[in-house]
Amino acid sequence: MTDAHHHAATDPLAHPEVQQASAAAYISAYVLTVGLLGVGLFMTERHLVTPHSLIPVIAAFAIFLLVAQSLLFLGLDVSHSNIWKTVSLMLTVPLFILSIGLTVWMFHSLDHLVMSPEMPGMSLQPGTLQ
Amino acid sequence: MLVHLQGPWSPWFGRLTLGDIPYTNPVIIFAFLFTVVAGIALAVPVLYYRKLGYIFREWLCSVDHKKIGVMYIILGLVMMFRGFIDGMMIRTQQVTADGPHSPGFLSAQHGYLPPAHFDQIYSSHGTLMIIFAVGPILTGLGNIIVPLQIGARDMAFPRMNAISLWLSVSGAMLIMASLFIGDFSTAGWVGLIPLTELPYSPSVGVDYWMWALQISSIGTTLNAINIITTIIAMRAPGMRWDRLPIFTWTTLSTNIIGLTAFPILGVALALLGADRYLGTHFFTGGQGGNLMLYTDLFWIWGHPEVYFLVLPAFGIISEIIPTFSEKPLFGYTTMVAATFAIAGVAWAVWLHHFFTMGAGPWVNTFFSVATMLVGIPTGVKVFNWILTMYRGRITYTTPMLWSVSAILMLLIGGLTGIMLANPAINYTVHNSVFVIAHFHCMVLLIAFAIFAAIIYWFPKVFGFRLDEHSSKRFFIFFVLGTVTVFTAMFALGFMGETRRLDYLYDPQWLPLLIVEEIGIVFYCISVGYFFRMLYVSIRDRGRNQCGADPWGTARTLEFLTHSPVPFYNFAVTPHVNALDELAWRRANGHADTPPDHYEPVHMPNSSMIPVIIGVLSFGFGFGMVWRIWWMAGFSLLAIIALIILGSFMPDPGYTISPEEMREMEAQHRAPGIMADSHPPHPAAEERLV
């Protein structure tokens, strides 16, 4: 074990990923997170737009926030100290697509089969979301 | 913003009133007395031998991965015992409540348990067995064995390891509290929706279930991070990926599942909590809610969770069969590939838990095919085990007996699983006890592997073997019980008995129900032999002491160091030369070569913080369950403050000098797990207090 290694093992502050930390990045990520989540909540609570256009707007916020957080909080890159974080993300993305995608497909099919408008009382009234 | 609740509420005690203590229920009074007697039986010797300080210092505050593992396993075994009593009560209720002329005892019309009480029992049976028995035992085994198998000193984050343990304990304690204060959920371990919503379950039962799962699942997630980091970053020199023992591989894959799946459970429960506490409508029947979304989220976690449990069991079997066949594992590479194939497919099968929801033929076909695909890597594993045994020099020690029987259970459970994966069959037997018998075969395969592992690694950790005579009887009666109960249950499933019945309407089921009850008697006898095994082994521990390799034919690195394993694991970090390092060293005559020089060893300090966090998280859970806001708020703030303070406290650990190490090794006075660990370091002691 080299000296530098030994030092890094005993002093947590000497870890390269800790050395990357910057107050500016953390604060801006925090402000972004609170701001975007707050706007999303506000839009949902006040019914500022119709339910159908609300979902893409909130989804866009969420995706933007995901990217911003992974860059600003986690500092994702392919350097030696951060490679495993990036590998984890690579693993998570397919799982995310799989679980969300299959769920959407399942609910779409379910909605088509059991919420048919011919059946009285089964259609999803726009008013029920209000 | 908070949901308005009917019934009394006070700022100091929340919803809790004296009427919530079920002191009029004879079954619960008996359970309470039993718990008190067991508690006294444990407390008296501890106080008599003045071991309170030792237990606090050496166990509760320990960050040693082996002690944490042992505590995980003790927690799991205690919860398994309670879950077993629940199972026994379920079977006894059903056999006494079959047909309109069945008698009623106590306050029940049929059998001895009224419906609401029976529902709580099957809910706690499932929750305890899956989340608080099998889960913690496997986590504990991973904790003990993985660092030893890869030649590490401890886990990557020792203190976080202890925090994981105490979070699991506090979840289990919440379920124990629900037995005597208030009630437990009646909605099954899966949380049947919309029954878990506030209008249908207004009591605290669902809250107990929800917070117990939530708190312990945070512990599981932290533990998954810890194990993955340990395996990636802490391997001894020469421990390349292609030399990693198979149990470590399965633990790695299982914890990848744990890390990715458990947050989904957290989200599902948090949204349910928002419905129950804040009046949102995520999972309600109307008002824009979607109750199937809960079922979907639950099983996106729930199915990977099943493989989270079964993969380490496969790893255990893959370690034990080569040891007692005196042959290397057949098809190491395919075994690893099969493990990760199962872990991968685990993410695309969850919908088979609700084929009957009506998602349509295409969706059902996709999930049906995906589910059947699991059979391929599992089949690879079964053939690998059989080919490992083929022309091997087999010794039928108890761990081997458990492992071989586990393969049989896997076959029965797996083949019935393939049947259930077919939507056409699934529509017919959905919610029947056929399904219950199927998944009990799978979970019992895990239990078989657990017992194999406990007997196999016990001498490594404690330095003496468990008594073979009584452990073989424990095995025989457990297998008899399993076969008797679940063969009858498969048949009852085909005869149309549905699950979770407190009253059975068909008197023709009675003969098979009696067969199931006979199986429960076998189980009871086996539990007796289990306790006898512990008693005899501890009594005769002097005679059964063993060396580094208690079995003589073990193959992996953990059997290189002393038994019991000293607190520093290895005197010198071993250099790994081959897959099955110990077998390689034995073959090349290096098994007993003492190291020529020692190096300073850096060890972590004990800490009080994890156990305090555990107590506080119980306080948080209890406060949230009863809506005692001051208690929940105080506990949460204190946890956050402790974590922040703890991370600012300098914790350099301590170092064992080469001279100390040489002395301990030469005199064989390296203390085992039961002794006081290292001569106390003044600085470490000071920091503890």
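Treat the numbers as computed from the prediction; the structure is a model and nothing was measured.

## Details of the overall build of chain B
Consideration 1: Assigned secondary structure in chain B consists of 21 helices and two strands.
Consideration 2: Long-range pairs, those at least 24 residues apart, make up 82% of the contacts in chain B between residues at least 6 apart in sequence.
Consideration 3: By element, 71% of the accessible surface of chain B is carried by carbon and sulfur atoms, the whole surface being about 27700 Å².
Consideration 4: Counting 35 positive and 39 negative side-chain charges, chain B places the averaged centre of each group 6 Å from the other.

## A few points about the interface of chain B and chain A
Consideration 1: Each partner contributes to the interface: chain B provides 24 residues, whereas chain A provides 17 residues.
Consideration 2: Area buried by chain B at its contact with chain A is led by Ile232, Trp347 and Val363 of chain B, which between them contribute 24% of it.
Consideration 3: Inspection of the region where chain B meets chain A yields zero salt bridges.
Consideration 4: Between chain B and chain A we count two residue pairs in polar contact (both at pLDDT 80 or more) in total.
Consideration 5: Going through the elements one at a time, helix 7 (246-278), helix 8 (291-325) and helix 10 (361-373) of chain B are the ones with two or more residues in the side of chain B that touches chain A.
Consideration 6: In terms of residue class, the side of chain B that touches chain A is built from 16 nonpolar, seven polar and one charged.

## Focus: the side chain of Asn161 of chain B
Consideration 1: Tracing the backbone through its elements, the reader meets Asn161 of chain B in helix 5 (residues 158-180).
Consideration 2: Excluding anything up to four places from it in sequence, Asn161 of chain B contacts His65, Ile68, Asn143, Met155, Asn223 and Asn226 of chain B.

## Observations regarding the environment of Ser170 of chain B
Residues and elements named next belong to chain B.
Consideration 1: The topology assignment puts Ser170 in helix 5.
Consideration 2: Taking the C-alpha atoms as reference points, Ser170 and Phe618, 448 residues apart in sequence, are found 5.0 Å from one another.
Consideration 3: Sequence-distant contacts of Ser170, that is, excluding residues within four places in its chain, are made with Ile215, Gly614, Ser617 and Phe618.

## Structural notes on the packing of aromatic side chains
Residue and element names in this part refer to chain B.
Consideration 1: Across all of its chains, the model carries 57 aromatic pairs over all chains by this definition.
Consideration 2: Aromatic side chains Phe448 and Phe478 sit 5.8 Å apart centroid to centroid with 70 degrees between the ring planes, which places their arrangement in the edge-to-face category. One end of the pair, Phe448, is in helix 14 (residues 433-462); the other, Phe478, is in helix 15 (residues 468-494), and 30 residues separate them in sequence. Per residue, the accessibility class of Phe448 equals that of Phe478, and both read buried.
Consideration 3: Here the aromatic residues Phe34, Phe81, Phe84, Trp402, Phe448, Phe451, Phe474, Phe475, Phe478, Tyr523, Phe530 and Phe531 are joined through ring pairs into a cluster of three or more.
Consideration 4: One residue, Arg235, lies across the ring of Trp241, its end atom 4.0 Å from the ring centre.

## Describing the nonpolar core
Residues and elements named next belong to chain B.
Consideration 1: Counting residues in each nonpolar core, the largest one holds 196 residues, and the members touching the most others are Trp209, Trp385 and Leu445.
Consideration 2: Tallying contributions element by element places helix 14 first for this core, with 23 residues.
Consideration 3: Discounting residues that sit within four places of it in the chain, Trp209 has contacts with Thr127, Phe184, Ser185, Gly188, Trp189, Val190, Gly191, Thr196, Leu269, Leu272, Tyr294 and Phe298.
Consideration 4: Of all hydrophobic cores here, the second largest spans 10 residues; its members include Tyr598, Val601, Met603 and Ile656.

## Details of empty space enclosed by the protein
All names here are of chain B.
Consideration 1: What the rule picks out here adds up to four cavities of 30 Å³ or more.
Consideration 2: Estimates place the volume of the largest cavity at around 160 Å³.
Consideration 3: Residue lining of the largest cavity: 18 residues in total, with Ile131, Gly135, Pro136, Ser216 and Thr220 positioned closest to the centre.
Consideration 4: Where the lining of the largest cavity is concerned, the elements lending two or more residues are helix 4 (115-149), helix 6 (205-233), helix 7 and helix 8.
Consideration 5: Each pocket or cavity is described by its volume, and for the second largest cavity that value is around 90 Å³.
Consideration 6: Leu138, Thr139, Gly142, Asn223, Ile227, Phe247, Thr251, Thr254, Asn255, Phe308 and Pro312 together form the lining of the second largest cavity.
Consideration 7: When contributions to the lining of the second largest cavity are tallied by element, the ones reaching two or more residues are helix 4, helix 6, helix 7 and helix 8.

## Looking at the confidence of the model for chain A
All names here are of chain A.
Consideration 1: Scored by pLDDT, chain A comes out at a mean of 79, with 80% of its residues at no less than 70.
Consideration 2: By mean pLDDT, the top-scoring element of chain A is helix 3 (residues 23-46) (91), and the lowest-scoring one is helix 1 (residues 3-10) (48).
Consideration 3: A low-confidence stretch, residues 125-130 stays under pLDDT 50, and its non-local contacts, those more than four residues away or across chains, total seven contacts.

The rules behind the values
Residues numbered from 1 in each chain as written. Chains lettered and ligands numbered in written order. Predicted model: local features only at pLDDT ≥ 70, side-chain atom pairs only at ≥ 80, totals over all residues. Heavy atoms only, no water. Helix = DSSP H or I, 4+ residues; strand = E, 2+ residues; numbered from the N terminus. Contact = heavy atoms within 4.5 Å. Areas by Shrake-Rupley, 256 points an atom, 1.4 Å probe, with all protein chains shown as cover. Lys, Arg positive; Asp, Glu negative; His and termini not counted. Charge placed at Lys NZ, Arg CZ, Asp CG, Glu CD. Buried area = accessible area lost by both parts, 1.4 Å probe. Salt bridge = Lys/Arg side-chain N within 4 Å of Asp/Glu carboxyl O. Polar contact = N/O pair within 3.5 Å; in protein donor to acceptor, adjacent residues only side chain to side chain. Nonpolar A, V, L, I, M, F, W, Y, C, P; charged D, E, K, R; others polar. Phe/Tyr/Trp six-rings, centres within 6.5 Å; stacked < 30°, edge-to-face > 60°. Buried < 20%, exposed > 50% of the residue type's maximum accessible area, 1.4 Å probe, protein only. Lys NZ or Arg CZ within 6 Å of the ring centre and 35° of its normal. Core = buried A, V, L, I, M, F, W, Y, C linked by side-chain atoms within 4.5 Å. 1 Å grid on protein atoms, 1.4 Å probe; cavity = no way out; pocket = protein on both sides within 12 Å on 5 of 7 lines; lining within 4 Å. Points joined across faces, edges and corners; volume = space filled by probe spheres on them. pLDDT = per-residue confidence, 0-100.

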